[in-house]
Each structure stands twice: as structure tokens, then as C-alpha cells.
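Chain and residue survey
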Amino acid sequence: MEKNKSRVPISQQPYQIDPKKGNGEIGGTVTVEINGKPVQVPFGTTILDACREANVYVPTLCHHPDLFMGGHCRLCLVEVEGFRTLQASCAFPITNPLKINTTTNDVRKARRHVMDLLLSEHHGDCYACVRNNNCELQTLAKEMGVDTFNFGHTKESRFEIDNSSFSLLRDMDKCILCRRCVRTCIDLQEVGVLEAIGKGYDTHISTFMEKPLADVICINCGQCINRCPTGALRANDPSDEIWKAIEDPTKHVVIQTAPSPRAGIGEEFGLEAGTSLTGNLNTALRRIGFNKVFDTNFTADLTIMEEGTELLTRLKKALVDKDKEVALPQFTSCSPGWVKYIEHFYPEYLDHLSSAKSPQQMFGTIIKTFYAEEAGIDPANIVSVALMPCSAKKFECNRPEMNSSGYKDVDYGLTTRELAMMIKESGIYLPDEEKSHFDDPFGEASGAGLIFGATGGVMEAALRTAYELITGRQVPFENLRIEATRGFEGIKQASVKLEGCVPDWSFLEGVDLKFIVAHGTANAKKVMEMLKAGELKDVHFVEIMACPGGCLGGGGMPIPTTTEIRKKRAQAIYAEDESLPVRKSHENPFIDVFYKKFIPEGPCSHKSHKLLHTHYTKRGKYIV
Amino acid sequence: MLVLEKNQISAEIEDLAGYYGGNRTALLPLLQFIQKKYNHISDFAQQEIARVLDIHPVEVYAVISFYSFLHSEPKGRNIVRLCRTIVCDMAGKEKVEKAVERELGIKFGETTHDGRITLEFTNCLGMCDQGPAMIVNERVYTKLDPEKACKILSEVK
Amino acid sequence: MHNEVINTIHQGGILFGNYSPGDAIKKALSIGRENILFELRESKLKGRGGAGFPTSTKWMLTAAAQSDEKFIVCNADEGEPGTFKDRVILTEYPWLVFDGMVIGGFTVGAKKGIVYLRGEYVYMLEQLNNYLDKMRKEGLLGKNIGGKAGFDFDIEIMLGSGAYVCGEETALIESLEGHRGEPRNRPPYPVNTGFNGKPTSVNNVETLAAVPHIVINGGTFYSTHGTSASTGSKLFSVSGDCERPGVYELSWGISIHELLEIVGAKDPKAVQVGGASGICIPKTQFNRKLAYEDVATGGSIMIFNESRDMLHVLKNFMEFFVEESCGQCTPCRVGNTKLLEGVEMIESGEYTFMYLNKLKELGKTMQLASKCGLGQSSPNPFLSILENFKEEIFQSNGNGVKHGKK
Ligand SMILES: Cc1cc2nc3c(=O)[nH]c(=O)nc-3n(C[C@H](O)[C@H](O)[C@H](O)COP(=O)(O)O)c2cc1C
Ligand code: SF4
Ligand code: SF4
Ligand code: SF4
Ligand code: SF4
Ligand code: FES
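What this report covers is the structure whose coordinates are included nearby. Being a predicted model, the structure only gives us computed values, none of them experimental.

As a further point, take the overall build of chain C. Along chain C, the regular secondary structure elements total 16 helices and ten strands. For chain C, whose C-alpha radius of gyration is 22 Å, the value lies close to the compact-globule estimate of 22 Å for 406 residues. For chain C, restricting intrachain contacts to residue pairs at least 6 apart in sequence, the fraction spanning at least 24 positions comes to 71%. Of the roughly 13300 Å² of accessible surface on chain C, a fraction of 50% belongs to carbon and sulfur atoms.

Here it is in C-alpha cells:
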């Protein structure tokens, strides 16, 4: 018997139409009547989607467009003619003509009852909750006009807060058991940390043997946070400590900002997704009191230099020295969620991982070494903050090995959401801020560093540089757009032919440089299984991001998240790239200066290894 | 746990999983087997099962926690389940309950100090026509009265 | 057998009537699929598991589904409080069930049958497996059954592990697949997408046991018993306050009153029909008939005499549902606890009628909004007991502290 791979029964997976056949096929569409109005929808569409098609609003809670069917909360109930009971519209695939009514008294009463029941069990006060004003439960309560708790409102806490993890905090008292986190962690990410435990009234979401999150295999990707409708899951917020450091006159507080937060933070201020606020953000950060604002893209460019050189070295070993031991393909290592994933699930392949640190950690080291020296500040007094789209970055900066500077390289990982809160606390309305530049000595970075934020971005940046270094010519694509790396397909595979190589790299002449781009750890798993099966022998470079969509879909980005929103953020990033004067990492003048001044031996040299590279831990899957 | 015992558990799990085609369908039979043989399903056994069936340990734990006859923490060598449903209740379950508690010196939900017996309630055993009823491990006893129940329990090892 | 279960069977004529094991299989193979389905349709046999879905339709749909693999599942999870007829059939007449499964396999095109036996009944496992072995030896299971080339069918017994909700057919399938026994969204139905995503017909033990008789004696013979909408006989699991508890095979359409006479009920004041999820019938309605068209039931009859405290009965049921709900959907998971809290309020005298009325409304919502039959039927006892026994329950000047005769 074939292994039943997905946890989800086939019947609960969305019905998919063969795109080749199209919906025009006979029987490919069905006409249903919603509140008396006919709508034609593809066979297998859920009633919920049909309602949206017909502009009929149906409240939902456990449904999420990124995930498999739920049907747990029962808020999206509708009446379907011929059925004795009400049906959950999110979980009802249409396969024959139906008459649907979304506004009967029974439906309204039932939805309100469900809401009342959820609220009766919900132990939380909106004033004291991270999700206040961005909570689906709260919003629905308002929409339904809840003005009293018909079945009470519990005052009794049933669960202890789990704050064991550097990245996540679980407050199960606020959990309404929609199981989106379960479907995220098991089906979407295939990490498998969270599941529904117990039965009946005892049902709750927990981990293996109810262990604290820090003790189980959580990769800290935070995807569950992004999909949790309530404040039950959130990131571990360091802003109090950061505020303290800012107030402390002896501390020099610097912040580096990653590309994705700029493209997403506008959403926290009510702007359309995909509004880039880079310049405004710089000003706001200074107004909050950060002493310096640096651009993480600078170290992204640096990563390209280091990781690219590492790849070329591996290729040389493999092709010229005929070294059989060299691990190819090389995998990117900038996504800390992915790094932890491979450490746990595929520890035997760690030598494939580039030893280059992630941009965040490279910057951390540089700030407390070269920058401290340059600026004449005692590194002990520097507080280094990293604004990241990511919850796993919080774990990463707390890795014990991340102290090449002699200090904790990065003190705090701050997410986009948390910074937005800090900005609001300071009484700043971000979109109205003036625009300003990043601080020297690192200045502006290249567009290549910027596109790190989207899945495929690292690959694209690497190719722009590698191709040019190897052949002496620019990558042969219009406007430097390497389309093969772009888009949200789970796994992308392509290649570039290397021809007319410069003498230094003549051994690569005629080589088809093959690469793979994958995002989301479920796809990473597929890639690793391909590797295991020996199917990646002729692939050279693999980019993997733990989060669906890449960093712009990271666990620290504004909530909600959907494919639509992620697309818009990506568009913003790619558009900004095209607007920049420098769009290749190696052409970033600051990079050149940096190497000349600090690491004259160049990328992957002894000194660079000491400061800009790291090593990994074989963690394995066993939970003690 | 001794290495030897670990190896044995792993081998048993692999065998049985193989019999069911290495499919997740094997999960319940596997859990029932381990439960019966070792009295509980340790976190090591759970992770071995997860490894062999290629699922996540938390999924195994979630399944165990769902079924009331499976448990992840050690209990007594003998598990006594007294039916708490209404018909047995009317037939004198409470008297049996009190007598057994008195006799063993523990409450329902607890295990004797020597680890001999765990007392639990269970829902309808399907013996309503001859209640009160209980199961000791796999064996069914019906038409209990306090004395009979205590005698049965005194005889289990 | 090393248990002391006594199976008391009273009356009986059809299901427990004459039948020699294997006969129906042979006849079925000779008359062919169409004729089996025809006889089944004529018999108007409806599912005995509680839902009462026509068995011929279920088999027809499974037979019509396109697939390389199909399954017949026998639902022997019998967890409904007060039900024990399947236990009796399986221990006394296992051949009826297995023959029924083989015939089902032949009819729908399944090669495999699975019996999902509740964990509590593990004591009968060995005996059942021995019987299956015997069938294999006799060529009634295995390859080319009954000499029919190409008809392969075998039966495997899987055990449950103490979860009532696994009796719900989609939860049962989830459980078989190694998951938490949480009911699935429907549609699609198991007849299309069942075990391992393949067409599966889930049938109750008693339903399957009726099939051999229908095949042997014909559908018309079966449909002459009972009423026009409820044909054939029904097994009733009778327990509670009566002289002769046990399993009774009676014709559909018998009144509760008549049944109480037969079983020797003393001083009955209430009968819970259909188990915990059924409804509670007061004395004044004892003339109602047991049939799909009046009081439908899976066969559980629990009798309460005048000395019983109905609030206590209700509490026992609600505790059952709070524990046995799978916990996946809101109306059932939280709703049942609210109803139980309501019962406790009455018990302690700290209730208002306004709040109880809210709970009754909630109960009606649960019937409509829950994902599966458990939550849809769990408010039944709450609604029917509070309605039918309000004098008793609220007798003492509205403070409710004292209820029922002690
Ligand atoms: C909570 C719940 C428990 C059930 N338990 C059983 C059971 O123990 N045995 C059974 O045969 N059907 C049970 N059913 C009914 C099954 O879902 C299903 O309808 C039945 O097995 C179909 O068989 P039938 O058509 O032969 O009745 C249960 C349903 C629900 C909702
Ligand atoms: S989770 Fe939502 S409803 Fe609950 S306290 Fe927070 S904001 Fe309020
Ligand atoms: S952070 Fe990622 S791995 Fe951890 S529980 Fe959430 S989804 Fe799972
Ligand atoms: S933690 Fe959040 S996402 Fe998970 S079940 Fe609870 S409310 Fe839903
Ligand atoms: S109604 Fe109850 S048993 Fe059924 S799915 Fe909902 S919670 Fe589970
Ligand atoms: S949104 Fe449909 S059941 Fe929750």
C-alpha cells in the first residue's frame, strides 16, 4: 500500500481542477443559487468561495486560505436546501446545483450561539492583548453585535503561558481551538510541533508530551503566529528591553533593518499591502531614539560575496580537483528556520549548508567589531537590534556560537509587528514621516540585497554576481530580472549556461549552472528527499527559505497573511530593486571599501571565516 | 530504560508496522500492542513509532491522548475500569465504587502504592443487562456487588 | 470463554431464526449483484446503527463508485449507552455478520472487509478470529470464494480503544487510518471517499446480520414484517428497571407500552429510547410506537421506575457527552459543558428560568450546527428530560434543591 503521506484525508483537501482541462469542460462548472441569486462556479468550489464570488459575506474563523479545510468553528454556517442541519460553508465542496441561504434566522442564531460559546471559554482581556484591534475573534464579535456574554465569560485561567522559546509565546487561555496552527505546522510547514491533544472538553493545542516549546522540534518559523486568529500565539517581544537601552545614556543603540519589514510595515498603519516605507522608517527609527540605522542589505551583499565565493570554491574542488567528498549542491543558510529544520531533520547533510552566516549575524559581528572600532565605541556599550520579518531570528541571535565579536553579536531580534507597536507608542504615524537615508559607514546597499526578502531573491542576487564574475558579462536577462527565480511556485528549478568564461574561471566553461529555489519547509522536505534519493547530483546551488513566500511571508510580518498579500509585498520589493542605482552585490561600493579596509584577504579568507562564517549543530529528531 | 529494552521495542515496532504495510493504518494496532505489553506507551516508544511510520511524534501523542484506553504515563499493572453509565449506576455502581476504594485505600483515578491496580471509570461497557460491570484489563465482570468486586480485585496479581 | 458475560435473548424469529452458515453466500454468488441489490431494495432494510439510511442505496452508491479498491466496514463500535445487541449478535451469531460482509463485498466490489470492534469487546476477539479462520478453511473467505473465480474477499478485525465517537462512520474511518477519531466534513461521503480515500460502505452489525436472511428468503418476505416504513424486525437492548433485561427481537411498530409489558417493567415512569443521545419518553407517551416514523432508535431501551431521579439521569448523560465529544467543533465541545453546567445549576438550586431557556435555545442550535451526529443529538436528553419531567425537577417551590422521590 502506498504511504498515506498527508495527515489530511483526501476528502478534506481542496478539490483541484486539472488546469489543462479548464473549467469550461462539460460538468466543469456548477450553478448554485445563493440567496436567490444564481452564480456559476467551478466544480468542487466550496460554498464559502462561491459566496465570496457572489459578494455575499460569510463570517469565518477556522478557515484560512493557505490551509486545508477545517470545518471546526462552525461560524460559517449556511442553510442548504435539502439538508436537515446547517452546513459549514468553508468545508462544503459544491458538486451539484444547490440552493443556499446565508441569512435565515436559524443561521444567524446559530452563528451567534457559536460566538457566545467561544467567548464563554475565552480567557483574555482585549485591552491587554497583542492582537487588540487585529484579532479575528474580536472583529467577529463586533460584527455580530455581541453586547453581552450570553453564556458567561470565564475568569479562570486553565493554562500556563509557555514562554520557554526565544521566539514564540503560547498563551493557550486565548486559544479558540480553530486548529489553524496545527494545519500550519503539520501540513503547510511539515514540522509537526503542534497538535490537538485530548478529547472532549479537555481538547487543547499542545506539543509532544506537553513539553515546553523550547524542548521540542520547533523551527521558530512563526507561521503559526501569522495564521492564529487570536492572541494565543505570539512572538517573544523584546521591546521593553530595547526601550530601556534607548533610555540609557551609556548605551549606543543601533538597529539594522531587513528588506521585508519595509515592504510590510505599512499594513500595520492601515496602508495597502505592498507600500514600501524605507525612507520613512529610517526617520521614525531615529526619532524613537536609535543612534544609528543600518541597512541589512549591506550584509546581504556581503553574504553574496561570501556564499558565492564558497560555491565557486566548492565547484572548483569538484570540477578541477575532482574531489568526490565536496558537498554539492550548496544550500543557502540565511533562513534560520531552515537552518534549524535541516539541523533537526537532515543533520547528515549539514555540510551542504553554506557556512556563511545570515546577513543579520554578519552585521551583528561587524557592528561590534569594525564599526565599534571605527566609531570609537566600546562594544560592551553597543546594543545591537535587528529589525526582521522573522521570529526565528530571535532564536538565531541567541545561539551560543553567535559571539564572534566577543560579545553577543546581535542583542535583540525585533519583528515588524513589534516595531510597528513601538512606533505607535512613540506617537508617530509612519506614513507621514519624512524620508531619510541609512547611516554611514555602510550606506545604501544594492538592489540584490533587497530582493533577499522574496523567495528566489538570494538566488537571483547570487546569479547576478556569479555570472558576471565568471563570464565578465552581465546576466543575459532584460533589466536583470531573472524570472526563473521569481514567483510563488513551491519548488523552482532552472539553469544558466556559463559560456565565454574569463580565464580565472575557465574550468566552468560550458557548465550548465543548475539551481533550485524552494520556500516553506514542506517544500524543503521535498528537496531534501530528492537529495537523499540522489536526484540532485547535477544541481549546484539551492536556495531555501523556511517561510512560504520567503522572508516577506515571515513569522514576524504583519497579520493577516495570504498569497495575495505576499504577492503585493514581493511586487514592492522588486519595484524598489529596479529603482536603485546599484543592483548587483559586487558593485556595491561599500562592499569594496569594506573588504579593502577590514578583510583585505577577501571573501572566505581566514579572517572572514572567523567573523562571517559559522558552524552548525547536528540536533536530530529525538526529543528528550 | 535499558539499551536492550529499547532495541527490543524498536524491533517489535518495526515488525508489526511491516505487517500492516508500514502505513499509518498500523498506528492503532501498534499502540495497542505496546500498551498491552509495557502497560503504557513511553515517549521513546512513541518516537520510534513516529519514525517507523514517518509521522511526527506529536501526532502519535495526539492519538494516544484521544483514546481513553491508551496512555503515555505509566499506570498500575492492572487497570480496573468500572462502568459509570446510568444503568450500571442504578444497579449499584456507587456501592461497588465505595467498597473498592475502601478496600484498596485509593480513589478512582489513582494507582495503588505497589503499582498493582489503577482504578478508573469508563463509559458504557455494553453490559447494561447485567450491571454493575467492570473490566479488569481485558476481562469483563458483570453483576457485581461490593463483596464480589473486592474479591476479584484481591485476586489480580 | 474467560468472561462471564451472559447473553440473554428473548423472542426472535427473523434475525435469530433458522440459518445455516455460508448458505446465503452461495446463493448470493449464484443470483448475482443486481438481484442482491434488488432483494435488498425490496426488503426496505434501513441501517440499524441509528441513522436509518437505506442499505440498498448505500451499497448501490458504493458499487457505482469508480475505484480500484473498495471496502466494507462493519461498525461494531457499539458505544451508545444502553446498547448491547451487537455484542450478542457477534458472540452468538457471528456467521450472520461475516456472511453479510462477504455478500456486501461481492455486491459492491470490495476485496476487503474490516470489522471495527470496540476495545471493550476485546474479550470476544479470539473467538471471532477463530471463526474467520474456519470460514477461510471452508472457502468462504480468501480467494475464489464459493468457487467463484475472481471473487476474493477477506475480513480483518481492528480494535478501537475506548472512544464513543469512533462509532460515527467517518470518525471510525479516521481511526482506522491511524488518526484521532474526529468526524470528517461531509460531503464527500464514505461511499465515495472513505477508508484510505476509497469507496467504503460502513454498516452496523445488525444491518449486516439481516442481509443473509434477506438473500435466502427474499426481500418481500422481510418487508412483510414490521410497518410499511420500518420493515423487518429490530433488536432492542433492554436494560434498567425491569424483570427481564436482555436483547429482544421484536417487530418494528411495537408500542413502548407493549414492550414494557413483555420485559416486565415495574412501575416505569420513563423510558430513554435510543441511548444517551436518544429521547426520554414519559409515561403519558408510552403508547408511541418504536419505528422510524415515530420514535426511531438504534435499539437502546433504558427503563426508569418511579424511584429514579431524572435529573441525575440527565446529569449522567451530559457528563458522558462532555467526555466523549471529540472536541473538534464549537457547538458540541463547549455546548455540552454549558448544558451540563445548567444541570448542575438546577441540582444546586442556583438557576434562573431565563438562563435555562437560553440553554434550551442553545440545545436547538447544537442540533443544527454541530459537525456530526454526536453534537446534533447530545442535546436530546437535555431538551426532552427538562420538558417531560419539569414537575419533578422543579417541584420544590422553584428552588430545585429536592428533586425526584428518594
Ligand atoms: C456519535 C455516533 C456514534 C455512533 N455509534 C455507532 C455505533 O456504535 N455503531 C453503529 O453501527 N453505528 C453508530 N453510529 C452510526 C454510524 O455513523 C453510521 O450511521 C452507521 O454505522 C451506518 O450503518 P447502518 O447504515 O448499518 O446503520 C454512530 C453515529 C454517531 C453520530
Ligand atoms: S485574543 Fe482577541 S478577543 Fe482575545 S483578548 Fe486578545 S484581542 Fe481580545
Ligand atoms: S514556529 Fe513554525 S515550527 Fe514552530 S510551532 Fe509554529 S509553525 Fe511549527
Ligand atoms: S493557537 Fe491560535 S491558531 Fe492555534 S488553535 Fe488556538 S486560536 Fe487557533
Ligand atoms: S459534534 Fe462533537 S463529536 Fe461531532 S465533530 Fe463536533 S465535537 Fe466532534
Ligand atoms: S470557518 Fe467554516 S467551520 Fe470554521
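Right, let's get into the site of ligand 4. Around ligand 4 sit 14 residues, and of these Cys175(A), Cys178(A), Arg179(A), Cys181(A) and Cys228(A) come closest. For the shell around ligand 4, a count of residues per class yields eleven nonpolar, one polar and two charged.

Next up on the list: the sheet that holds strand S10 (residues 300–305) of chain C. In a beta sheet, neighbouring strands pair by backbone hydrogen bonds and run either parallel or antiparallel. All names here are of chain C. With mixed pairing, six strands are arranged side by side in an open sheet as S1-S7-S6-S10-S8-S9. Each end of this open sheet is capped by a strand with a single partner; those strands are strand S1 (9–11) and strand S9 (279–282). Across the sheet, the mean angle separating the axes of adjacent strands is 30° when strand polarity is ignored. Inspection of the sheet shows strand S8 (residues 268–273) paired to S9 by four bridges, in the antiparallel sense. In the sheet register, Ala270 faces S9, and the bridge partner there is Pro282.

Attention shifts here to the packing of aromatic side chains. Tallied over the entire structure, the rule returns 41 aromatic pairs over all chains. With a centroid separation of 6.3 Å and an interplanar angle of 55°, the aromatic rings of Phe166(A) and Phe395(A) are classed as tilted. Here Phe166(A) is found in the loop between helix H3 (136–143) and strand S6 (168–170), whereas its partner Phe395(A) is found in helix H12 (residues 392–397), with 229 residues between them in sequence. With 6.3 Å between their ring centres and 25° between their planes, Phe151(C) and Phe153(C) make a pair best called stacked. The exposure classification of Phe151(C) matches that of Phe153(C), with both residues buried. Linked through ring pairs, Phe294(A), Phe298(A), Phe363(A), Phe370(A), Tyr371(A), Phe442(A), Phe594(A), Tyr595(A) and Phe598(A) together constitute an aromatic cluster. If you follow Lys199(A) out to its NZ or CZ, it ends over the ring of Phe66(B), 5.7 Å from the centre. When the ring centre of Phe69(B) is taken as origin, the NZ or CZ atom of Arg81(B), which lies over that ring, is 4.1 Å away.

Residue and element names in this part refer to chain C. Where burial is concerned, most of strand S2 (residues 71–76) is hidden: six out of the six residues are buried. Residue alternation in S2 divides its side chains into two sets, Phe71, Val73 and Asn75 and Ile72, Cys74 and Ala76, and both sets are buried. Of the strand pairs in this sheet, S2 and strand S3 (residues 112–117) are connected by six bridges, and their pairing is parallel. Looking at the pairing, Ala76 lines up with Leu117 of S3. Relative to strand S5 (residues 200–204), S2 runs parallel, the two sharing five bridges. Looking at the pairing, Asn75 lines up with Asn204 of S5.

Definitions and limits used
- Residues numbered from 1 in each chain as written.
- Chains lettered and ligands numbered in written order.
- Predicted model: local features only at pLDDT ≥ 70, side-chain atom pairs only at ≥ 80, totals over all residues.
- Heavy atoms only, no water.
- Helix = DSSP H or I, 4+ residues; strand = E, 2+ residues; numbered from the N terminus.
- Rg over C-alpha atoms; globule rule 2.2 N^0.38 Å.
- Contact = heavy atoms within 4.5 Å.
- Areas by Shrake-Rupley, 256 points an atom, 1.4 Å probe, with all protein chains shown as cover.
- Near = heavy atom within 4 Å.
- Nonpolar A, V, L, I, M, F, W, Y, C, P; charged D, E, K, R; others polar.
- Pairing = 2+ DSSP bridges.
- Axes fitted to C-alpha atoms, helices over the stretch in contact; angles between N-to-C directions.
- Phe/Tyr/Trp six-rings, centres within 6.5 Å; stacked < 30°, edge-to-face > 60°.
- Buried < 20%, exposed > 50% of the residue type's maximum accessible area, 1.4 Å probe, protein only.
- Lys NZ or Arg CZ within 6 Å of the ring centre and 35° of its normal.

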